[in-house]
Amino acid sequence: AKSDGRGCYRFFEPAMDADAQLQREFEFELREALVRKEFEIHFQPIVDIATCRACAVEALVRWRHPDHGLIPPDKFIPVAEEIGLIIPLGEWILDTACRIAADWPDDVRLAVNLSAVQFRSGNLVEVVRDALARSGLPAARLELEITESVLLQKDHGGLAVLHDLAALGVHIVLDDFGTGYSSLSYLQLFPFSKIKIDKSFVADLPTRSDCAAIVCTVVNLAKALDMGTTAEGVETVEQLELLRAAGCREAQGWLFGRPGAASALVLDQPLAAPR
Ligand code: C2E
Ligand code: CA
Ligand code: CA
Ligand code: CA
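Residues numbered from 1 in each chain as written. Chains lettered and ligands numbered in written order. Predicted model: local features only at pLDDT ≥ 70, side-chain atom pairs only at ≥ 80, totals over all residues. Heavy atoms only, no water.

Asks: Would you mind showing me how to read the overall build of the chain here?
Replies: Helix and strand counts for the chain stand at ten helices and nine strands. For the chain, the proportion of its 275 residues judged to be buried stands at 46%. For the chain, the exposed area adds up to about 14100 Å²; of that, 54% sits on carbon and sulfur atoms. Each charge class in the chain was averaged separately, 27 positive and 40 negative side chains, and the resulting centres sit 0 Å apart. (Helix = DSSP H or I, 4+ residues; strand = E, 2+ residues; numbered from the N terminus. Buried < 20%, exposed > 50% of the residue type's maximum accessible area, 1.4 Å probe, protein only. Areas by Shrake-Rupley, 256 points an atom, 1.4 Å probe, with all protein chains shown as cover. Lys, Arg positive; Asp, Glu negative; His and termini not counted. Charge placed at Lys NZ, Arg CZ, Asp CG, Glu CD.)

Asks: Can you help me understand the site of ligand 1 in this one?
Replies: Around ligand 1, a shell composed of 21 residues is seen, among which Gln44, Arg62, Lys199, Glu235 and Trp254 lie nearest. Take Glu58: an N or O atom from its side chain is 3.3 Å from an oxygen atom of ligand 1. Between ligand 1 and the protein, one listed contact pairs an oxygen atom with a side-chain N or O atom of Glu232 at 3.4 Å. Surface burial for ligand 1 is 84%, taken as the share of its 800 Å² of free accessible area covered by protein chains. Of the pockets mapped on this structure, ligand 1 occupies the largest pocket. Among the secondary structure elements, those contributing two or more residues to the shell around ligand 1 are strand S2 (54–65), helix H2 (73–82) and strand S6 (171–177). Here the shell around ligand 1 takes four residues from S2, the largest share from any one element. Classifying every residue of the shell around ligand 1 gives eight nonpolar, five polar and eight charged. (Near = heavy atom within 4 Å. Polar contact = N/O pair within 3.5 Å; in protein donor to acceptor, adjacent residues only side chain to side chain. 1 Å grid on protein atoms, 1.4 Å probe; cavity = no way out; pocket = protein on both sides within 12 Å on 5 of 7 lines; lining within 4 Å. Sits in = over half its atoms within 2 Å of the grid points. Nonpolar A, V, L, I, M, F, W, Y, C, P; charged D, E, K, R; others polar.)

Asks: Would you take a moment to explain the coordination of the calcium ion (ligand 3) for this structure?
Replies: Ideal values differ by geometry: the angle at a metal is 109.5 degrees with four tetrahedral donors, but 90 or 180 degrees with six octahedral donors. Within the protein, the calcium ion (ligand 3) binds to Asp175 (OD), Asp176 (OD), Glu232 (OE) and Glu232 (OE); these donor distances fall in the range 2.0 to 2.8 Å. Mapping the donors of the calcium ion (ligand 3) onto the primary sequence gives the spacing D-D-x55-E. The metal-metal distance between the calcium ion (ligand 3) and the calcium ion (ligand 2) is 4.2 Å, with Asp175 coordinating both. One end of the pair, Asp175, is in strand S6; the other, Glu232, is in the loop between strand S8 (228–231) and helix H10 (237–246), and 57 residues separate them in sequence. Assessed through its relative accessible area of 9%, Asp175 is described here as buried. (Donors = N, O, S within 2.8 Å, 3.2 Å for Na, K, Ca; no water.)

Asks: Got a minute to help me understand the coordination of the calcium ion (ligand 4) in this structure?
Replies: At 2.7 to 3.1 Å from the calcium ion (ligand 4) lie its protein donor atoms, namely Asp176 (OD) and Asp176 (OD). Positionally, Asp176 belongs in strand S6.

Asks: Before we go on, may I ask you to explain the layout of surface pockets in this structure?
Replies: The method is simple in principle: a probe with the dimensions of a water molecule rolls over the atoms, and the space it marks as empty is what remains. By volume, the largest pocket amounts to about 1100 Å³. Lining the largest pocket we find 35 residues, and of these Glu58, Leu60, Pro73, Asp74 and Asn113 sit closest to its centre. Secondary-structure elements contributing two or more residues to the lining of the largest pocket are S2, H2, helix H3 (86–101), helix H4 (116–119), strand S5 (142–146) and S6. Its residues placed into classes, the lining of the largest pocket shows 14 nonpolar, nine polar and twelve charged. (Points joined across faces, edges and corners; volume = space filled by probe spheres on them.)

Here's what the structure looks like:
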């Protein structure tokens, strides 16, 4: 340990330097990954609970690292946000996903996740408009999934951008509902097309009556506000039946299909036995 000149000893300095070094390497590789085309978009169906057919498909990004294999988004999106890479990466995701979705049947929508950082970029509306124009995907077939963090921006800039996006004709969906703070107030701020019920509530549906009560309450609240509902993380038929009974309109999860290549999507037949 060495003195920092104020009589304190910085025992942890070497370890911290090593961490900082690793962090810098990770950031460098992440930037390079976009140039080297190492990102992939996987697609997961969202079904209409009445028919169990895909009514939408969510685009989920992954990093195909040359040494470490497939890296999930939770591991690199926060860093991409910190270093600003989420702006060009987000544009690439939107552009690529829209081009692929333009070939799908007319009644299948594309859902794309947007980071709160993209809302501060200043040109998100143009980026979305350009992606639609280049791909030929009609605006009404694009759903943009956001979390309440977009609405937390102090200057309400996020809210203004949301209104401009909605004016293009795209749908705005509130993701991860119920996991943040004072979520109910956000439903008054903006007319979302749909609310996604977080998978943490769906996971315990069959065993916990409080989760069933929460899901029913959210579905009824959404209906009263003229919004739809999608339940995430549906893995079992039992969960599907409880969601159906609760009046939930759409569902997404491993029961219907894991995220995978666009070529593996099944868009013309039921993905589970409809009741
Ligand atoms: P999210 O938007 O809430 O996405 C749903 C996550 O649940 C996905 O994880 C999906 O693979 C997973 N999932 C789907 N069905 C099931 C299931 O039945 N059971 C369980 N346990 N999980 C299921 P994934 O792909 O790892 O994505 C994690 C998060 O990363 C996403 O959460 C989203 O916040 C973010 N993300 C993914 N792709 C993008 C992107 O293109 N842009 C941005 N900004 N964020 C993205
Ligand atoms: Ca999402
Ligand atoms: Ca979610
Ligand atoms: Ca999430």
